[in-house]
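Next come the chains, spelled out residue by residue.
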Amino acid sequence: SDPARLAANFAGVSAPDDSRNDIVIRGNSPVGVLWRIDGMNVTNPNHFASVGTTGGAISALNTNLLKSSDFFTSAFPAEYGNAISGVFDLGFRNGNTQKRETTIQAGVITGLEATTEGPLLKTKGSSYLVGYRYALAGVAQAVGVDIGTTATPTYQDLSFKLSSGTTRFGNFSMFGILATSSISISGGNSGSLFGGKDGNDLASKIGIIGLKHFKQVNNKSYLSSIIGLNYASTDQINYSSDRPTNTSYTKEENNVAKTGYHFSTSYNSKINAKLFVKIGVQNELIGLNLYYKTKRDINADWKQVWDYDSYTNLAQAYIHAKYSFNDKWVLHTGLHSQYFFLNSSTSLEPRLGLKYELNPKNSLNFGYGLHAQMQPINVYFLQTQNADESYTYNNKNLDFTKSHHLVLGYDWNPLKDWRLKAEIYYQYLYDVPVNTFSSSYSMLNTGASFKTDLEDNLTNGGKGYNYGAELTLEKFFSNGYYALFTSSIYSSKYKGSDGVARNTAFNGKYVYNVLAGKEWNIGRDKRNKISLDFKFTNAGGRAYTPIDLTTSNATGREVLSSDAYSDFYDNYFRMDIKANYVLNSPKRKISQTISLDIQNVTNHDNVFSQNYNDLQQSINTTYQLGIFPNVVYKVQF
């Protein structure tokens, strides 16, 4: 039910974190991922998300509306920009153009869902598709399921797509997601995945609306254009306690809103049998409203970290070409460029992909890409107060972070429904923001926690590198079963302004997944179905900075070791199983499905984090979700 967690099954992707669906690709920060829906770049399509991140606790993408998607882990084509680790390009399908269909679903964990679709005008091929979801987390808590917090999260979302069908002006479609989420975590629950012992309130909103136009110019060319609005906001209040007086007080207030006005257009043409060309431009007007203040203790004055309300622009352009030399050699090449109006940062990024078909069952491929990405938009506006009470934005002139990515792959299709894929890769990152003074800090570790980076003296002097090998063995679904094995061995390192090579926060070293499923047709006329699915994941524990217990005891607060990311949590281990029964009525057009999905069926304790307990003068370990059952009933008619 979550596309981001689905992507974690691919080779090169690691997500050993039950609290969030961040996509970690080849040791990169999840901030380096570009999300796209129906061709429009979007900020973060997840509930309980913070502006400047790309993941959240729960996806706002309704899988009942999705069609096939593209997922890139390296050297992606020239049409994709402002990303350095990967691209998740999703599309909403059109509704049924011939008949009306409705799906109603209820799950103990996943909540209530309703989807309806059908034709608007059958003669034109126009259609509608609408899906709505509402959380039922309170039901799960009532039956004793640990959802990671004692607080009750609430969320709901509405997704839709309207299609005009064929008109003399081309095809028009409108798509969107409207979503809200909130949670209030009270104090006294230091073991919660989603909040500390002093409590916090969090509310987020998402508004994504796009209008797409497709026009066939001739039998070889077409135009595709999009205008859209992309809105995301987060309101958060964090609380703390004054130990001497046993008084609770507000420690942080954070209100962030980002509004993106998107425009893009592309021209696609098949010049001849050998050459295909795609040319496009896009622009996003970014409106930003930031307000964040914090205080050190109950008696301290407020420190204003953000207080900003303005607009800026990110413009991009690209050209992509595909050329087939012959039946064996195919070349993909292109150039992407982008310009950030806030500080005149520019980037020119060549892309290259080459495929050689050894024979009908074997092929080699090589890819290279130079990729650049702006920093999370809020980072540019961290402010420092001067003696005259004016403010300086020390990060405002940060350049793009850049990345050279090289990959060499081999594909083998030994049988019709089987595929073996192997890849090796190397990625070099540079112009990474680090402190202006000597330290271990690097923006490559952004996204390792819920907290926002508050470093306001940054310069593009950092470096990083990732390399590894991946293997995928896949049995496509046929004859009633499928199977998938993916594995990755990798290393992810960085250098801060002190020049010392360290593990990144996302250096898990390895990950492998085993998935399999079998479906049986049952009943007198084989109308009904039973299916079983299995998934096993084992991943290396992530690097973390250990707590200096001696110094923490002496000062009465958590103090981290000076040796950043020098330790690793225990390896991540999880096994999931799912049973499904489908009952198709012999007399009516109605189908009923009941599913039992048990995640972490062995109830394995996977480490989430460690923190210092000043009352006990010890280090506490918080664990991720234990056994996590979900019962779902679905009816389609």
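Just above sits the structure.
Everything quoted here is computed from the prediction, not taken from an experiment.

Draft legend 1. Highlighting the overall build of the protein chain. Secondary structure summary: the protein chain contains three helices and 37 strands in total. Radius of gyration (C-alpha) of the protein chain: 25 Å, near the 26 Å computed for a compact globule of 637 residues. With the principal axes as the frame, the protein chain shows a C-alpha extent of 70 × 55 × 45 Å. Burial statistics for the protein chain: of 637 residues in total, 51% are counted as buried. Excluding contacts between residues fewer than 6 apart, the proportion of contacts in the protein chain whose partners are at least 24 apart in sequence is 63%. A total accessible area of about 28,900 Å² is found for the protein chain, and carbon and sulfur atoms account for 56% of it. Taken together, the 59 basic and 52 acidic charged side chains of the protein chain have centroids lying 13 Å from each other.

Draft legend 2. Quick peek at the packing of aromatic side chains. In the structure shown here, the tally under the stated rule is 23 aromatic pairs. Taking the centre distance of 4.9 Å and the plane angle of 80 degrees together, the rings of Y323 and F325 count as edge-to-face. Among the residues examined, F325 registers a relative accessible area of 41% and is labelled partly exposed. Aromatic side chains F381 and Y393 sit 6.4 Å apart centroid to centroid with 80 degrees between the ring planes, which places their arrangement in the edge-to-face category. Residue F381 is located in the loop between β21 (362-373) and β22 (384-385), and its partner Y393 is located in the loop between β23 (391-392) and β24 (401-412); the two are separated by 12 residues in the primary sequence. According to the relative accessible area criterion, F381 is buried, its value standing at 1%.

Draft legend 3. Seen up close, the side chain of S233. Its location among the elements puts S233 in strand β15 (residues 221-242). Of the residues examined, S233 reaches a relative accessible area of 7% and is grouped as buried. Among all residues touching S233, those that are not within four sequence positions of it are V51, A203, S204, K205, V256 and A257.

Draft legend 4. Highlighting the nonpolar core. By size, the foremost hydrophobic cluster in this structure holds 36 residues, and its most contacted members are L290, W306, F340, M374, I377, Y380 and F381. Contributions of two or more residues to this core are made by β17 (275-294), β18 (303-324) and β25 (418-435). Beyond its immediate sequence surroundings of up to four residues, F381 is in contact with L288, L290, V305, W306, Y308, L342 and Y393. Ranked by size, the runner-up nonpolar core spans 26 residues in total, among them A7, V33, M40 and F71.

Draft legend 5. Examining the environment of E252 more closely. As for its position among the elements, E252 is in strand β16 (residues 247-270). Distance in space between the C-alpha atoms of E252 and Q156 is 26 Å, their sequence separation being 96 residues. Beyond its immediate sequence surroundings of up to four residues, E252 is in contact with Q236, I237, N238, Y292, K293, T294 and W302. Within polar-contact distance, the side chain of E252 engages the side chain of N238 at 2.4 Å. Polar contacts involving the side chain of E252 include one to the side chain of Y292, which spans 2.6 Å.

Draft legend 6. Main features of the sheet that holds strand β7 (residues 70-72). The mixed open sheet is built from four strands, whose spatial order is β4-β3-β8-β7. The open sheet terminates on both sides in strands that have one partner only, identified here as β4 (40-42) and β7. Shown here is a sheet whose adjacent strand axes are inclined to one another by a mean of 20 degrees, direction ignored. As judged from the five bridges shared by strand β3 (residues 33-37) and strand β8 (residues 86-90), these two strands associate in the parallel manner. In the strand pairing of β8, W35 is matched with F88.

Draft legend 7. Local environment of unusual backbone geometry. For A75, which is not a glycine, the phi torsion comes out positive at approximately 40 degrees. Assignment of secondary structure puts A75 in the loop between β7 and β8.

Draft legend 8. Just a positive patch on the surface, in detail. A cluster of basic side chains, namely K220, K270, K322 and K355, defines a positive patch on the protein surface. The exposure class of K270 is partly exposed, given its relative accessible area of 46%.

Draft legend 9. Molecular detail of the side chain of E423. Take E423: it is sitting in strand β25. Among the polar contacts listed, one links the side chain of E423 to the side chain of R26, at a separation of 2.6 Å. Other than its neighbours up to four places away in sequence, E423 contacts R26, N365, V407, L408, G409, G468, A469 and E470.

Draft legend 10. Here's a closer look at the pattern of salt bridges. The final tally for this structure, using the stated rule, is 21 salt bridges. Across the pair E79 and R36 runs a salt bridge whose closest N-O atoms are separated by 3.2 Å. Of the two residues, E79 is situated in the loop between β7 and β8 and R36 in strand β3; the sequence distance between them amounts to 43 residues. Neither E79 nor R36 differs from the other in exposure class; each is buried. For the salt bridge of R296 with D297, the shortest nitrogen-to-oxygen distance reads 3.7 Å.

Draft legend 11. Structural detail: the pairing of strand β26 (residues 458-478). Judged from the 17 bridges that link them, β25 and β26 form a sheet pairing that is antiparallel. Of the residues in β26, the one forming a bridge with Y428 is Y465. Strand direction decides the pairing type here: β26 and strand β27 (residues 481-495), joined by 14 bridges, are antiparallel. Among the inter-strand pairings, K463 is bridged to a residue of β27, identified as K495.

The rules we used
Residues numbered from 1 in each chain as written. Predicted model: local features only at pLDDT ≥ 70, side-chain atom pairs only at ≥ 80, totals over all residues. Heavy atoms only, no water. Helix = DSSP H or I, 4+ residues; strand = E, 2+ residues; numbered from the N terminus. Rg over C-alpha atoms; globule rule 2.2 N^0.38 Å. Buried < 20%, exposed > 50% of the residue type's maximum accessible area, 1.4 Å probe, protein only. Contact = heavy atoms within 4.5 Å. Areas by Shrake-Rupley, 256 points an atom, 1.4 Å probe, with all protein chains shown as cover. Lys, Arg positive; Asp, Glu negative; His and termini not counted. Charge placed at Lys NZ, Arg CZ, Asp CG, Glu CD. Phe/Tyr/Trp six-rings, centres within 6.5 Å; stacked < 30°, edge-to-face > 60°. Core = buried A, V, L, I, M, F, W, Y, C linked by side-chain atoms within 4.5 Å. Polar contact = N/O pair within 3.5 Å; in protein donor to acceptor, adjacent residues only side chain to side chain. Pairing = 2+ DSSP bridges. Axes fitted to C-alpha atoms, helices over the stretch in contact; angles between N-to-C directions. Patch = residues over 30% accessible without salt bridge, like charges linked within 9 Å, V, L, I, M, F, W, Y side chains within 5 Å. Salt bridge = Lys/Arg side-chain N within 4 Å of Asp/Glu carboxyl O.

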